[in-house]
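The primary structure of each chain is shown beneath.
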Amino acid sequence: MRFIARRYDNRELAEVSLADGRVARVVPAAPSSDSHEVHPWIAPGFVDVQVNGYDGQEFSSLELTPEKVAAIVRRHYAFGVTGICPTLTTQSVEMLSHGMRAIAAACESWPDVGRAVLGIHLEGPYFSTEDGPRGAHPKEHCRRPNWDEFQRLQAAASGRIAILTMSPEFDEAPEFIARVSASGVIVALGHTGASGSQIRAAVDAGARLSTHLGNGSHRVLRRHPNYLWDQMAEDRLMASLIVDGHHLPPEVVKTMVRAKTPARCVLVSDESGLAGLPPGRYTGSGCELEILADGRLVIAGQDQLLAGASAPIGVGVANVMRFAGVDLATAVEMATVNPLQLLGKRGGGLRPGERADLVLFHWKPSDAALEVVATIASGTVVFGDLADAE
Ligand SMILES: [Zn+2]
């Protein structure tokens, strides 16, 4: 397979050849007079480490089946996503175990799903019951860290849990974090009201990421010190950010990207299982949720407490350029290279020998979103077509 597209990193036209599922050759292509107008951009496929579900199906659900997992993963090809961490949120151990087993079975049943799923993200249940930081996680299922339970969940997942988001505000948190980190799982901090010393202790114990920094927090917060400054100033923590235009104001995105530096930022969609559905009221995992006309997903009956997101990760890529003033290459890397680096995976480049996980898209600096024209996973076109890139 061979096509011409404009590289996201150096903005030059390139002829890209793929063979045996890998990038075989990338060489400069001679621009014709109008080629910059018609050829799409090419970048590594996006990697989204926080996806809770899609089209009305949560991963954290007793209704989840391997077929539904595969459908959600494949649905994301339309968004340029070739790497995904299905995310299970706070629930009973039975429900979480069921979800883990369904995801593991999907990975084992379909090779493309197994390649796309880079690991499972367990967000919860080790959160404080306090309102505010807890967000939409059901209070009755928030609990203290429990190593035996975590081991049971990891066994149900056949070892696929890659990220655990938890609050470090429990006395036993440092010891628990050290154990989880030593088992090869990335510990992320989130939905927390922790103090500066608790955050420092968590990072000393191995925590490496702040999950959706700036969300899952109190609505009113002491100006300083507080856990936002503590996490922004902690260079050992990367930060995932929901840059959908609803979860963080542009000024906050810009400030956080500058504080963390782009290399330590990871864009996530945090798509809810309700993403993809039209506006209206829905029953979520334990509470009533509402999708407002502007696309915001909130706890029903008010318009402030966000309960997840609905915009795919490409929206974040486009927004972060406008909000934080970073260029296309930097924005793309926040959705490709950086999450892969967090997960300790190779790839995320246009170099010969890399697995051909690629996205082709149209975009202009004034655009609020990327328009995905084709997604290639392991050398196969899994969404769209390459008609614009010939
Ligand atoms: Zn969350």
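A short tour of the structure in this document, coming up. (Residues numbered from 1 in each chain as written. Predicted model: local features only at pLDDT ≥ 70, side-chain atom pairs only at ≥ 80, totals over all residues. Heavy atoms only, no water.)

Some thoughts on the nonpolar core
Taken as a class, soluble globular proteins show a tendency for nonpolar side chains to be buried jointly. Phe3, Phe150, Val320 and Leu360 are the most contacted members of the largest nonpolar core, which has 105 residues in total. Ignoring any residue separated from it by four or fewer positions in sequence, one finds Leu360 in contact with Phe3, Ala5, Pro40, Trp41, Ile42, Glu371, Val372, Val373, Ala374, Ile376, Leu386 and Ala389. Grouped together as the second largest cluster of nonpolar side chains are 17 residues, Val49, Val266, Val268 and Leu340 included. (Core = buried A, V, L, I, M, F, W, Y, C linked by side-chain atoms within 4.5 Å. Buried < 20%, exposed > 50% of the residue type's maximum accessible area, 1.4 Å probe, protein only. Contact = heavy atoms within 4.5 Å.)

Quick look at the packing of aromatic side chains
Under the criterion given, the structure shown has seven aromatic pairs. Taking the centre distance of 6.4 Å and the plane angle of 35° together, the rings of Phe46 and Phe361 count as tilted. Here Phe46, found in strand 5 (residues 46-51), pairs with Phe361, found in strand 18 (residues 358-362); they are 315 residues apart in sequence, far enough to count as distant. According to the relative accessible area criterion, Phe361 is buried, its value standing at 0%. Taking the centre distance of 6.3 Å and the plane angle of 75° together, the rings of Phe150 and Phe176 count as edge-to-face. A residue pair is termed long-range when its members are at least 10 positions apart, and Phe150 in helix 5 (residues 147-156) and Phe176 in helix 6 (residues 173-182) qualify at 26 residues. Neither Phe150 nor Phe176 differs from the other in exposure class; each is buried. (Phe/Tyr/Trp six-rings, centres within 6.5 Å; stacked < 30°, edge-to-face > 60°. Helix = DSSP H or I, 4+ residues; strand = E, 2+ residues; numbered from the N terminus.)

Re helix 7 (residues 196-204)
Turning to helix 7, its buried residues number three or more, namely Gly196, Ile199, Ala202 and Val203. For helix 7, the arc enclosing every buried residue in end-on projection is 125°, short of the 170-degree limit, so these residues lie on one face. Those residues of helix 7 that are buried lie in contact with helix 6, strand 11 (186-189) and helix 8 (227-232). Once helix 7 ends, the next one or two residues include Gly206, with phi positive near 130°. (Arc of directions from axis to C-beta.)

Some words on the sheet that holds strand 2 (residues 13-19)
The seven strands lie next to each other as 3-2-1-4-18-19-20, forming an open sheet whose pairing is mixed. Each edge of the sheet is formed by a strand with only one pairing partner; in this case those strands are strand 3 (22-28) and strand 20 (380-384). Averaged over all pairs of adjacent strands, the angle between their axes in this sheet comes to 35°, without regard to strand direction. Two elements, strand 1 (residues 2-7) and strand 2, share five bridges in a ladder whose sense is antiparallel. Across the sheet, the residue bridging to Ile4 is Glu15, located in strand 2. (Pairing = 2+ DSSP bridges. Axes fitted to C-alpha atoms, helices over the stretch in contact; angles between N-to-C directions.)

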